[in-house]
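# Analysis of the macromolecular model
Take a look at the letters that make up each chain.
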Amino acid sequence: MSLPIKCFRVDDLQVRTYGSEIEMAWDAGKIAREYLVECLQQRDKIALLLATGKSQLQFLNNLISLGGIDWSRVIIFHLDEYLGINPENPASFRYYLTENVEKRVLAQQFEYIEGNALEPIVECERYGKLLTNQPIDLCLLGVGENGHLAFNDPDVANFGDLAPVKLVKLDEMNRQQQVKTGYFPNLESVPQYAFTVTIPMICKAKKIMCLAPQTRKAKIVKELLYGDISPKCPASILRHQPQASLFLDLNSAKEIPFESPIT
């Protein structure tokens, strides 16, 4: 059994801290699985909005391995994609989800952002309509080292965005983080532009689970929780979302003042 060693709230955001990333991913998978089963008991179909990245891999594996979810009634969306990238490219998020999710579950539908769309603005409109027409039951997030959610970097994040999906230019810190994933050999090879689901669309999800393990996230986790709620740290908006939970391990939580009350 993997239980958090500390739970507390910062504003409206629930924070759950675990002894290790493995324990965090296991309990997050269990919580997500139980929630999805409950949703499927209430509705004929439900929708997931998925993040990608290494912080999500163990969680996704646990969620799928636990079983008990009728995936034939689940529609799956994803948060972001590079502009001008083919779905067969291992660096694309569509490739990531195809390999780690689609090949393992028989979902009712996978709705992918077309990264190589010939008309990117039209693609934003197409994908935005799909999202607005299908309420999101569960949104899975990660947090970037610059505080981004999806590809909402500090320079482009807008808490009042009217569009559900937009095209953005990625900042250098974000692009450098993509190099660290190992899918790009250098900064110059990382696409400069990307599609992203916007902050307001993310916040419309009925439940939000944000996973942010590892030491490299410690600084931004502290800013997220105790800095200003501002687009300068896009993930800080989660503190205004009572349906959101932030999942940490001891490494990412190491800069948190643990006099924060246990709840």
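Above this text sits the structure in question.
Presented here is a report on the structure given in the accompanying data block. Being a predicted model, the structure only gives us computed values, none of them experimental.

Mapped onto the elements, Ser-245 comes out in strand 11 (residues 244-249). According to the relative accessible area criterion, Ser-245 is buried, its value standing at 8%. In contact with Ser-245, other than residues within four places in its own chain, are Leu-13, Gln-14, Ile-208, Met-209 and Cys-210.

On to the sheet that holds strand 5 (residues 80-82), then. One open sheet holds the three strands; their spatial order is 5-9-8, and the pairing between them is antiparallel. At either margin of the open sheet sits one strand with a lone partner, and together these are strand 5 and strand 8 (165-169). Going across the sheet, the axis of each strand differs from the next one's by a mean of 20 degrees, ignoring polarity. Bridge count between strand 5 and strand 9 (residues 193-197): three bridges; the pairing is antiparallel. Directly across from Glu-81, in strand 9, lies its bridge partner Phe-195.

The next thing to look at is the pattern of salt bridges. This structure, assessed with the given rule, holds 11 salt bridges. For Asp-70, the salt bridge is made with Arg-73, and the minimal N-O distance between the two is 3.8 Å. Given the relative accessible area of 24%, Arg-73 is considered partly exposed. Linked through salt bridges whose partners overlap, the residues forming this network are Arg-43, Asp-137 and Lys-206.

This part takes up unusual backbone geometry. For Ala-150, which is not a glycine, the phi torsion comes out positive at approximately 55 degrees. One can find Ala-150 in the loop between strand 7 (138-142) and strand 8. What makes Ala-150 buried here is its relative accessible area of 8%. Phi at Gln-214 is positive, roughly 85 degrees, even though this residue is not glycine. Structurally, the position occupied by Gln-214 is in the loop between strand 10 (208-211) and helix 7 (218-226).

About the thresholds
Residues numbered from 1 in each chain as written. Predicted model: local features only at pLDDT ≥ 70, side-chain atom pairs only at ≥ 80, totals over all residues. Heavy atoms only, no water. Helix = DSSP H or I, 4+ residues; strand = E, 2+ residues; numbered from the N terminus. Buried < 20%, exposed > 50% of the residue type's maximum accessible area, 1.4 Å probe, protein only. Contact = heavy atoms within 4.5 Å. Pairing = 2+ DSSP bridges. Axes fitted to C-alpha atoms, helices over the stretch in contact; angles between N-to-C directions. Salt bridge = Lys/Arg side-chain N within 4 Å of Asp/Glu carboxyl O.

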